[in-house]
Amino acid sequence: MNIKKLGKLVLPYLVWMSVLVGLPLLMMVVLTFLKSNALDLGTAEFSFDSWRILFSDVTVRIALKNSFVNGIIATIICFVIGYPIAYIVANSNFSNKLIILVLTIIPMWSNSLLRNNAIANILSERSIVNDVLSNIGLNFIWPIRGVVYESGFSPAVVIGLVLTYLPFMILPIYTVLEKIDKSLLEASMDLGSNKIKTFFKVTFPLSIKGVTTGIIMVFLPSFSGFAIPKILGSGSLVFIGTLIDSRFMNRNYNFGSLLSLVILLIIFGSMALIFKVDKEGETLI
Amino acid sequence: MSKKLIELRNVTKTYDDITVVDNISLYINENEFITLLGPSGCGKTTTLRMIGGFEKPDSGEIILNGVVVNELPPYERPINTVFQRYALFPHLNVFDNIAFGLKNQKVPKQEIAERVETALKLVSLPNFGARKVANLSGGQQQRIAIARAIVNRPKILLLDEPLAALDLKLRQNMQYELKEMQRKLGITFIYVTHDQEEALTMSDTIVVMRDGLIQQIGTPTGIYNEPRNRFVARFIGESNILEGTYVRQNVVSFMGVEFDCVDIGFADGEKVDVVIRPEDLDLIDPVGAKLVGVVSSSIFKGVHFELCVIVQEKEFVIHTYENKNVGQAVGLRVDSYEIHLMKVEN
């Protein structure tokens, strides 16, 4: 598809993209080399401060580590829960499998901030769950809202991430599993593999594209998001998303822009990986 | 004397109240090339799948080497299958596809390599091991699917319309190669097809099926020359089927004329169906002929002409080497041994 062929039809799109995506991105790149008060370019001066901080400030490293640790844990849990769900639905005899999948998506119809605030309430000290548990003597497992491990692992944040992003793991895996030709499984059994062997030698290798897509679709927002860590994390835990948020809030647009660009690069890298594994984009529904 | 290898005893299979395989009994000998032949929906593939272990019969027994194997899963049967659409594993290359079964049997690596190479040579695709399955043509995929099955040296090879997706020329070549392979390997082949020509070319025994019932079991020549009923006569080759009466021993009457015949086993005066193959009707001079008709069409078929001759408002198909003009009057003659009689079905 070349642009010349479509001619004037793409013009509005190009204008739209340049004004709303291209220009702001350029602006962000410029901002990283400046020292300015928010967007007050009149008093801005050229400076490498942001770049220096990026490589020297320990907070950035901690934030990246915390985001990474919680993102990875959430992704693994999503995979462990999501794969069996996708597998069971794909192999079930339900006449309308789509309905089951819609059920997993329905929670997404309500705003994720609302949902995460609700989770925050449930996980906090003054929740029904805590009341019940503490009254039957199980007060040592609740509340988990403030629990943070040394690695940066925050159970509350991971619960929020899993509940929010699980469907993004289930759907691509379901899509590939559904497409697997059943005669391949019969061929595998015919050639001497029992059901478990068939799963590991045929089904799983053939679903790897969906797994890759699912992992990336869960990990990226888990890694870069700021709302869920902000709502569910205890105040002491800094994430890359919350760090960017606070920089912008403090009118430090320069450093905020730089951190955003770092995340953008990570995302582009991951997208390149998806397209390498899944050239036709068939798992991205 | 060949040994009975597998036997189906009163096997029935029903899906949602539809009886797909209806109480069939059948045995298959060692080293036999047997074909299940019938139109789609006749139950032939279901029968094959029950032998392979992919379906369980609702009732009846499948006996392999004297042991009932109804409950044995496919991976424990000494049987391999060539699937209709090949079912090659897309994530493995040709070598790993063929080695799949051997690896499951924990055959040593060295031996796997040798046996895969031998199998590839047998299907005339040597040195294809490293290729990707997706880059092979339909005919090549077909051969790899066969190699993947026979490399395991099964007792029985099941083939579910394996040639259906190939073009005519390739299909004919593969027919000879399959027959040759079966002879060389000494494996029992159970072959499913709806193509009667394929069945006649390759089989030692043909089982003609319809609506879940076996219509006739016999050798290709037996089934072609002595079809048991109208369905078999129509399904295997072309035929002229006429209503007739068995006048007395060795005399049958049809089209209002009496003919000598050799078939016996009918009562005097019994209604019979008469089958005459198109190549068994000879054209003679209309003067003095028992059957006289007019040529209504003539089609050149390469080796022969296919004539339609109208006799007493009944159309006969005749294969002949000499052409006749449309509208020409001809006489028809048929030898007594080429008149085949069948019981009339109710």
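These lines cover the structure that appears in this document, whether it is placed above or below. (Residues numbered from 1 in each chain as written. Chains lettered and ligands numbered in written order. Predicted model: local features only at pLDDT ≥ 70, side-chain atom pairs only at ≥ 80, totals over all residues. Heavy atoms only, no water.)

With that settled, consider empty space enclosed by the protein. All names here are of chain A. Applying the stated criterion across every chain, the model contains 1 cavity of 30 Å³ or more. By volume, the largest cavity amounts to about 60 Å³. What lines the largest cavity is simply Tyr 87, Ala 90, Asn 91, Leu 177, Ile 180, Lys 182, Leu 185 and Thr 203. Looking at the lining of the largest cavity, the elements that each hand over two or more residues are α4 (58–90) and α9 (182–190). Per-class residue counts for the lining of the largest cavity are 5 nonpolar, 2 polar and 1 charged. (1 Å grid on protein atoms, 1.4 Å probe; cavity = no way out; pocket = protein on both sides within 12 Å on 5 of 7 lines; lining within 4 Å. Points joined across faces, edges and corners; volume = space filled by probe spheres on them. Helix = DSSP H or I, 4+ residues; strand = E, 2+ residues; numbered from the N terminus. Nonpolar A, V, L, I, M, F, W, Y, C, P; charged D, E, K, R; others polar.)

As a further point, take the interface of chain A and chain B. Interface extent is often summarised as the accessible area lost during association of the parts. Listed per partner, the contact involves 18 residues of chain A and 21 residues of chain B. Where chain A abuts chain B, roughly 1700 Å² becomes buried across the two surfaces, and 60% of that area is made up of carbon and sulfur atoms. On the chain A side of the interface with chain B, the three residues burying the most area are A:Glu186, A:Asp190 and A:Leu191, jointly 39% of the side's total. The tally of links between chain A and chain B comes to 2 salt bridges. Put simply, the parts of the chain that give the side of chain A that touches chain B at least two residues each are α9 and α10 (195–206) of chain A. By residue number, the principal contributor to the side of chain A that touches chain B is α9(A), which donates 7 residues. The residue makeup of the side of chain A that touches chain B, split by class, is 7 nonpolar, 5 polar and 6 charged. (Contact = heavy atoms within 4.5 Å. Buried area = accessible area lost by both parts, 1.4 Å probe. Salt bridge = Lys/Arg side-chain N within 4 Å of Asp/Glu carboxyl O.)

Residue and element names in this part refer to chain B. Between its first and last C-alpha atoms helix α5 (residues 168–185) spans 25 Å; for 18 residues at 1.5 Å apiece the expected length is 26 Å, and the two agree. Buried residues of α5: Arg 171, Met 174, Gln 175, Leu 178, Lys 179, Met 181 and Gln 182, and no others. The buried residues of α5 occupy one face: seen down the axis, they fall within an arc of 160°. Pointing more than 90 degrees away from the buried face of α5 are the exposed residues Lys 169, Tyr 176, Arg 183 and Lys 184. (Expected span 1.5 Å × (residues − 1). Buried < 20%, exposed > 50% of the residue type's maximum accessible area, 1.4 Å probe, protein only. Arc of directions from axis to C-beta.)

A few words on the layout of surface pockets. Volume-wise, the largest pocket comes out at about 590 Å³. Residue lining of the largest pocket: 24 residues in total, with A:Leu184, A:Leu206, B:Phe89, B:Pro90 and B:His91 positioned closest to the centre. For the lining of the largest pocket, the secondary structure elements donating two or more residues are α8 (155–179), α10 and α11 (208–224) of chain A. Classifying every residue of the lining of the largest pocket by side-chain character gives 14 nonpolar, 4 polar and 6 charged. If you add up the space inside the second largest pocket, you get close to 450 Å³. Lining the second largest pocket are 21 residues, with A:Leu185, A:Glu186, A:Met189, A:Lys195 and A:Thr198 sitting closest to its centre.

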